[in-house]
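# Structural description and commentary
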Amino acid sequence: MKKFLLLFIVSGLIFSASSCKKKEKSCPKPEVWGVGTWKLTDVTDANGQSQLDPNDPGNQCLLNQSEIKLNDNFNGNYVKFGNYDSNTGTCSQDSYQVSSWAENIDTKKLYISLSLPNGGNFLFDCVYIDKTHFYWDYYGDGSLRVVFEKQ
Amino acid sequence: MKKILLLFVLSGLIFSASSCKKKEKSCPKPEVWGVGTWKASKIEDPNGNVVDPASSAYAQCYVNSEQFTLNDSHDGAQWIWADVDQNTNACTPQTLTITAWAENMKTKRLYITTNQYGSFELIYTNDHECYMDFDYKYYYQKQDN
């Protein structure tokens, strides 16, 4: 009888331990869309109509050299914009450090805070279109959208 | 022998079910500091000195009227924004709608978008205090429920 009782308890503990280990692993991880490299692909109006002339060298520079990198640490990344010098005809990158970023999947908002060289901060206020596209709401009213695509 | 075997299996299942139910509840919930009402507490000048509300119509208006509320649904709450008429010094708070907000617990930042004036970045000093960092620092204290 004692052996049986012992077996009864031990079996329960073994089942419990092995089964619960699996359950612990199944805790949901918060969904994060922003981590990765994002390339500038278009500038549109509120209706999605492109405002870029791809033959314009300034626009080509913007399209080819602009990217945003966001990582798991939520700081220490960069935002780069292609900057065309019409006098010399050269394209270079203006680079800014990301001091912090955050997102809200419920409201589809992405916030990217940049450290400016003069010590100030600039806040990129962005809106997710879907998991792989967001736009920087240039005027804050959705009328001019700088669209980025995840690579 | 069959009965013992059946009992053996059943006991395991019962232990497993009752014990795991507790474990499921223990999944960590993301920490959220923003939800609640935040009231203006003080303004600090660039040297870290608190602006005396008695000597500044704006500071007085700010600590008396400015506050914002953030809710679980992350939108739709209000921001009462202090504004002072430069000619009369009259305090005329405006009500803004918060269209979205998010926070980053790693960098201790809070971001709020309003229907007017765009978006703002605030810095948490702890779970009950945050500030907007312009030339001057605009502090808010969270109100206890």
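Our structure is the block above this text.
Everything numeric here is computed off the predicted structure, so don't read it as measured data. Residue indices begin from 1 for each chain and proceed along its sequence in written order. A letter from A marks each chain and a number from 1 marks each ligand, given out in the order of writing. Where totals are concerned, whole chains, interfaces and linings use all residues; where local detail is concerned, this predicted model gives features only for residues with pLDDT of at least 70, and gives and counts side-chain atom pairs only at 80 or more. With hydrogens and water stripped out, all remaining heavy atoms of the structure feed into the side-chain values.

### Points about helix α2 (residues 57-65) of chain A
Residue and element names in this part refer to chain A. Partly exposed residues are those whose accessible area sits between 20% and 50% of the maximum for their type, while under 20% is buried and over 50% is exposed, using a 1.4 Å probe and protein chains only. The numbering of helices and of strands both runs from the N terminus, where a helix is a DSSP run of H or I of at least 4 residues and a strand a run of E of at least 2. Those residues of α2 that fall on the buried side of the exposure criterion are Asn59, Cys61 and Leu62. When α2 is viewed along its axis, its buried side chains cluster within an angular range of 155° and face the same direction. Any two residues whose heavy atoms approach within 4.5 Å at even a single point are treated as in contact. The elements touched by buried residues of α2 are β1 (36-45), β3 (77-85) and β4 (90-104). The backbone nitrogen of Gly58 has a side-chain oxygen 2.7 Å away, supplied by the residue at the start of α2, namely Asp56. As used here, the arc is the angular range of directions from the helix axis to the C-beta atoms. Whenever two N or O atoms come within 3.5 Å, that pair is a polar contact, provided that in protein one can donate a hydrogen and the other can accept it, and provided that, for residues adjacent in sequence, both atoms are side-chain atoms.

### Looking at the sheet that holds strand β7 (residues 129-133) of chain B
Residue and element names in this part refer to chain B. Here eight strands make up a closed barrel; going around it, the order is β1-β2-β3-β4-β5-β6-β7-β8 and the pairing antiparallel. Each neighbouring strand pair of the sheet contributes to a mean axis angle of 35°, computed without reference to strand direction. In this description, strands pair whenever DSSP reports at least two bridges between them. Where strand β2 (residues 67-70) lies against strand β3 (residues 78-81), two bridges are found, and the strand directions are antiparallel. Opposite Phe68, over in β3, you have Trp79 as the bridge partner. Lines fitted to C-alpha atoms define the axes here, with helix axes fitted over just the stretch in contact, and angles between the N-to-C directions of these axes take values from 0 to 180 degrees. Strands β1 (36-44), β2, β3 and β8 (137-142) of the sheet are contacted by helix α2 (residues 57-65), whose axis makes an angle of about 160° with β1.

### Examining the state of the cysteines
Residue and element names in this part refer to chain B. In plain terms, two cysteine sulfur atoms within 2.5 Å form what is called a disulfide here. This model, assessed by the stated rule, comprises three disulfides over all chains. Between the sulfur atoms of Cys61 and its disulfide mate Cys91 the distance is 2.0 Å. Judged by the sign of its S-S torsion, about 70°, the bond between Cys61 and Cys91 is right-handed. With Cys61 in helix α2 and Cys91 in the loop between β3 and β4 (94-104), the pair connects residues that are 30 residues apart, well separated along the chain. Residue classification places Cys61 among the buried residues on the basis of a relative accessible area of 2%. The exposure class assigned to Cys91 is partly exposed, which follows from its relative accessible area of 38%.

### Comments concerning the pairing of strand β8 (residues 144-150) of chain A
All names here are of chain A. Looking at chain direction, β1 and β8 are connected through seven bridges and run antiparallel. Paired with Asp45 across the two strands is Leu144, which belongs to β8. By the bridge criterion, five bridges tie strand β7 (residues 133-137) to β8 in an arrangement that is antiparallel. Each bridged residue has a counterpart across the sheet, and for Phe134 the counterpart in β8 is Phe148. Hairpin connection, β7 to β8: the antiparallel pair is bridged by six residues, and Gly140 has positive phi, about 85°.

### Considerations on the pattern of salt bridges
Residue and element names in this part refer to chain A. Just to be clear on terms, a salt bridge is a Lys or Arg side-chain nitrogen sitting within 4 Å of an Asp or Glu carboxyl oxygen. Evaluation of the coordinates by the stated rule reveals six salt bridges over all chains. The partner of Lys39 in a salt bridge is Glu67, with the nearest N and O atoms 3.2 Å apart. Here the residue Lys39 occupies a position in strand β1, and Glu67 occupies one in strand β2 (residues 67-70), the gap between them amounting to 28 residues. Among the residues examined, Lys39 registers a relative accessible area of 27% and is labelled partly exposed.

### Some points on the layout of surface pockets
For the largest pocket, the calculated volume is near 900 Å³. Lining the largest pocket are 22 residues, with Pro30, Glu31 and Glu103 of chain A together with Pro30 and Glu103 of chain B sitting closest to its centre. Elements that contribute at least two residues to the lining of the largest pocket include exactly β4 of chain A together with β4 of chain B. Element by element, the count of residues in the lining of the largest pocket is highest for β4 of chain A, at four residues. Three residue categories are used. Nonpolar comprises Ala, Val, Leu, Ile, Met, Phe, Trp, Tyr, Cys and Pro, charged comprises Asp, Glu, Lys and Arg, and polar comprises the others, including Gly. By residue class, the composition of the lining of the largest pocket is ten nonpolar, three polar and nine charged. The volume enclosed by the second largest pocket comes to roughly 360 Å³. Taken together, the elements giving at least two residues each to the lining of the second largest pocket come down to β6 (121-130) of chain A together with β6 (119-126) and β7 of chain B. Per-element tally for the lining of the second largest pocket: the top contributor is β6 of chain B, with four residues. Residues of the lining of the second largest pocket, tallied by class, amount to six nonpolar, five polar and two charged. Only protein atoms enter the 1 Å grid used here, on which a cavity is any set of points holding a 1.4 Å probe that cannot leave and a pocket is any open set flanked by protein within 12 Å on both sides along at least five of seven lines; residues with an atom within 4 Å of a point are listed as lining. Grid points are joined across faces, edges and corners, and a volume is the space filled by probe spheres set on the points.

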